[in-house]
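Structural characterization, general
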Amino acid sequence: VDMKPDSKVGNGMAEYLRDTVSFLIEQHRDHVDKRNNANGIGYSSKLRLPSKLLPPYFSKASSLSSSSRNQLRTARGIRPALGNELEIVLFLDSGGGTVQDYGLASSHLSRLRDEPHVTLSVCVDRVAASGGYMMACQATPGHLYAAPFAMLGSIGVLMETVNVHEVLKRYGVKPLVIKAGKNKAPLKTFGEVTTDELK
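Notes on the structure follow. Please read all numbers here as calculations on a predicted model, not as lab measurements.

Rules used throughout
Residues numbered from 1 in each chain as written. Predicted model: local features only at pLDDT ≥ 70, side-chain atom pairs only at ≥ 80, totals over all residues. Heavy atoms only, no water. Buried < 20%, exposed > 50% of the residue type's maximum accessible area, 1.4 Å probe, protein only. Helix = DSSP H or I, 4+ residues; strand = E, 2+ residues; numbered from the N terminus. Pairing = 2+ DSSP bridges. Right-handed = clockwise from strand over helix to strand, strands pointing away. Core = buried A, V, L, I, M, F, W, Y, C linked by side-chain atoms within 4.5 Å. Contact = heavy atoms within 4.5 Å.

1. Considerations on the pairing of strand β5 (residues 118–129)
Counting buried residues in β5 gives 9 out of 12 residues, a clear majority hidden from the surface. Bridging between β5 and strand β6 (residues 144–146) involves 3 bridges; their strand directions are parallel. Within the sheet, the bridge partner assigned to Val122 lies in β6 and is Leu144. With helix α5 (residues 131–136) bridging β5 and its parallel neighbour β6, the resulting β-α-β unit is right-handed. Alignment of β5 against strand β7 (residues 151–153), held across 3 bridges, turns out to be parallel.

This is the structure:
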């Protein structure tokens, strides 16, 4: 799985990870179930996925010949191509972004990491900062790898705004700010920002 530098998590990457992770989990469970069944253990509960959540080359299987379809999917899931132990390698290069998008992407990676007999390895060649660092931290313990000069870390949070309170005051304009609590929107554009709010 490749998280390229120009890929924005908020621009569909979280959804891409969701679909990829769901596909990998089903593929792995399907193979383990088939192997257990061959050994007389029986089937475990599996994750069933609609075709729209499968990668394009699987969801388009209906247009293939019957022999080709049998190579892709069986009645019990996708035809196995994996061993009992599976390692997923994520190539990550990201400086971060919004909390919501990177939090969602990280939760998808944690699903993969927490799957039994699955190892999630994360490789960082250049940078994994802020939200990218949160994603990198979802690696299986001991499986986060970084290049010697790569930058990893939670660099911090940046918020910029302009306050025009003094300008409005000079022209006799008094802004009215209504909020639900003392910690709601401490940095305002029009109203006065107090010392406590800056803290």
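2. A few points about the pairing of strand β4 (residues 86–94)
On a regular strand, each side chain points to the face opposite its neighbour's, so the side chains alternate between the two faces of the sheet. As paired strands, β4 and β5 are joined by 8 bridges and run parallel to one another. Within β5, the position partnered with Leu92 by the bridge is Val124. A crossover connection joins β4 to the parallel β5 through helix α4 (residues 99–113); in handedness this β-α-β unit is right-handed.

3. Structural notes on the nonpolar core
For soluble globular proteins, the rule of thumb is that nonpolar side chains tend to be buried together. Ile88, Leu92, Leu112, Leu120, Val122 and Met135 are the most contacted members of the largest nonpolar core, which totals 23 residues. Of all the secondary structure elements, the ones that give two or more residues to this core are α1 (9–38), β4, α4, β5 and α5. The element best represented in this core is α1, accounting for 6 residues. Non-local contacts of Leu120, meaning those with residues more than four positions away in its chain, are made with Ile88, Leu90, Leu109, Leu112, Arg113, Gln138, Ala139, Thr140 and His143.

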